[in-house]
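# Residue-level structural notes
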Amino acid sequence: MSAAKEAAARNIRAAADELIALSHRIHAHPELAFEEHLASRWVADALSGAGFEVRHGYCDLPTAVEATIGTGPTHIAICAEYDALPDIGHACGHNIIAAAAVGAGIGLAPLADELGLTVRVLGTPAEEGGGGKVLMLERGAFDGVHAAMMVHPAAVEMAAMPGLAVTQFDVTYEGKAAHAGAYPELGVNAADAMTVAQVAIGLLRQQTTAADRIHGIVTHAGSAANVIPEAGRGHWIVRSDNLNALRPLAERVHRCFEAGALATGCDLSITPVGPDYADLRPDRALLDLWVANATALGRHFPDLPNSVAGAATDMGNVSHVVPTIHPMLGLDCGPAVNHQPEFTAACVTQAADLAVLDGATGMAWTAIDVAAGAGRRTDN
């Protein structure tokens, strides 16, 4: 192992208690997309204390953070996520992601100039909906970056997450209320419109590919059984292999909602929720460096079935512009998996704390390899 890697590992071990405490603190105070005021401040403060120059409210996003150290020619971006999910909190382990990113920054900070690195830790809000990284990418946060990286917890270890392209939208039907018993013929039933749309989507699924996903929730379909519902609302997500496949699929889903409006006479509005996420395209050379470093840390990569797919991330958009990796750190917590309450509990266990430290060390070592010329592309 190189002296630089040994030094980075020592720096991270010295900060281990601080990093684990940060992970647990974020986990205990879950905040939704664009509301991560506590988490983003804690991340900013930890990096400021490590000598980084910090900007809070970066890219005109109140909960985005940029922290920079070093003046070298090789620019590394390490992404921290910290938003949670409604009701089930940190069921995707973004507390681990944030603490590992801070740890990687702390590991590299004293070495950056010596290694020829400029290290940029980016606090990226609203991954679970809102596309913080997409907005930051469009506003220049990744300009000049040679390699972007982050780590993400999962039930099992994966070198690369098979990330799909995704679009999200809200659906609203407007009908007309009426007494359901006395004057039903005077009503225009918005709940029926939503039912027609869901039946149409169910029939559409027989003609979609294995990678396609269509799922959603009805958030309002009336308030009383004896009143014809005048409003129906829902939130829907459509996924596919890539943006080229996603867009025609989303159009077909939209037509299912149009069918509900046509059948019932309701008015329909479909409103996009955040930007579309592109499919995730890990950089092969960077990924090979990560696997070698993670293996050196004692992590193992099991053979997984091809069916392990379906998630999405706004890191996908970054990966189309900058060489990127998004490895998954196994918590060995099966049968609990991401977006389950049981996974929320798994994200503050001993395995989760080890993932923070291994994720930080693995990213720091991968950045050191990039600084030495391994895996670096010069075409961005």
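In what follows, the structure referred to is the one given above.
Residues numbered from 1 in each chain as written. Predicted model: local features only at pLDDT ≥ 70, side-chain atom pairs only at ≥ 80, totals over all residues. Heavy atoms only, no water.

Turning next to unusual backbone geometry. Excluding glycine, residues mostly have negative phi values, and the peptide bonds linking residues are mostly trans. At the junction of Gly334 and Pro335, the peptide bond is cis and its omega measures out at 10° in the coordinates. Looking at where Pro335 falls in the secondary structure, it is placed in the loop between β12 (328–330) and α11 (341–346). Residue Asp87 is not a glycine yet carries a positive backbone phi of 75°. Judged by its relative accessible area of 84%, Asp87 is exposed. (Helix = DSSP H or I, 4+ residues; strand = E, 2+ residues; numbered from the N terminus. Buried < 20%, exposed > 50% of the residue type's maximum accessible area, 1.4 Å probe, protein only.)

Counting 67 residues, the largest nonpolar core has Ile78, Val119 and Leu331 as the members making the most contacts within it. For this core, the element with the highest residue contribution is helix α12 (residues 350–371), accounting for ten residues. When sequence neighbours within four positions are dropped, the list of residues in contact with Ile78 reads Ala101, Ala104, Gly105, Leu108, Val119, Arg120, Val121, Leu122, Met149 and Met363. Cys59, Ala141, Met158 and Met315 belong to the second largest nonpolar core, which has 24 residues in total. (Core = buried A, V, L, I, M, F, W, Y, C linked by side-chain atoms within 4.5 Å. Contact = heavy atoms within 4.5 Å.)

Glancing now at the sheet that holds strand β1 (residues 53–56). What links the strands of a sheet is backbone hydrogen bonding, and the strands pair in either a parallel or an antiparallel sense. Overall, mixed pairing links the six strands, which are arranged β1-β2-β4-β3-β5-β11 in an open sheet. The outermost strands of the open sheet, each flanked by one partner alone, are β1 and β11 (324–325). The pairing of strand β5 (residues 147–149) with β11 spans two bridges and is classified as parallel. Its bridge partner lying in β11, Ala148 is registered against Thr324. Against the sheet, helix α3 (residues 37–49) touches β1, β2 (65–69) and β4 (117–123), its axis set at about 165° to β1. Relative to the sheet, helix α4 (residues 94–108) contacts β3 (74–80) and β4, its axis offset from that of β3 by approximately 150°. (Pairing = 2+ DSSP bridges. Axes fitted to C-alpha atoms, helices over the stretch in contact; angles between N-to-C directions.)

Once that is clear, we can look at the side chain of Thr361. Tracing the sequence through the fold places Thr361 in helix α12. Discounting chain neighbours no more than four positions away, the residues touching Thr361 are Ala9, Ile12 and Leu297.

A few words on the packing of helix α7 (residues 190–204) against helix α8 (residues 243–264). At a minimum axis separation of 8 Å, α7 and α8 run at an interaxial angle of 140°. On the basis of their axis angle, the class for α7 and α8 is oblique. Once α7 is placed against α8, the crossing between them reads as right-handed. Where α7 approaches α8, its residues Asp192, Ala193, Met194, Val196, Ala197, Ala200, Ile201 and Leu204 are matched on the opposing element by Arg252, Val253, Cys256, Phe257, Ala259, Gly260, Ala261, Ala263 and Thr264. (Parallel < 35°, antiparallel > 145°, perpendicular 65-115°, else oblique. Left-handed = near helix turned anticlockwise from the far one by under 90°.)

The next point concerns the pattern of salt bridges. Taken as a whole, this structure holds ten salt bridges when the rule is applied. For Arg299, the salt bridge identified is with Glu157, shortest N-O distance 2.8 Å. Placement of the pair is Arg299 in the loop between α9 (284–296) and α10 (315–319) and Glu157 in the loop between β6 (152–154) and β7 (165–174), with a sequence separation of 142 residues. Pair check on accessibility: Arg299 and Glu157 agree, each one buried. Linked through salt bridges whose partners overlap, the residues forming this network are Arg55, Glu66 and Arg120. (Salt bridge = Lys/Arg side-chain N within 4 Å of Asp/Glu carboxyl O.)

Here we take up the packing of aromatic side chains. Enumeration over the complete set of coordinates arrives at two aromatic pairs. For the ring pair Phe169 and Phe257, a centre distance of 6.1 Å and an interplane angle of 85° mean the geometry is edge-to-face. Residue Phe169 is found in strand β7, and its partner Phe257 is found in helix α8; the two are separated by 88 residues along the sequence. Grouping residues by exposure puts Phe169 and Phe257 together as buried. With 5.4 Å between their ring centres and 70° between their planes, Trp236 and Phe257 make a pair best called edge-to-face. Of this pair, Trp236 sits in strand β9 (residues 231–240) while Phe257 sits in helix α8, and the two are 21 residues apart along the sequence. The burial state of Trp236 is the same as that of Phe257; both residues are buried. Taken together, Phe169, Trp236 and Phe257 form an aromatic cluster joined through their ring pairs. Positioned above the aromatic ring of Trp42 is the side chain of Arg25, whose terminal nitrogen or guanidinium carbon lies 5.4 Å from the ring centre. (Phe/Tyr/Trp six-rings, centres within 6.5 Å; stacked < 30°, edge-to-face > 60°. Lys NZ or Arg CZ within 6 Å of the ring centre and 35° of its normal.)

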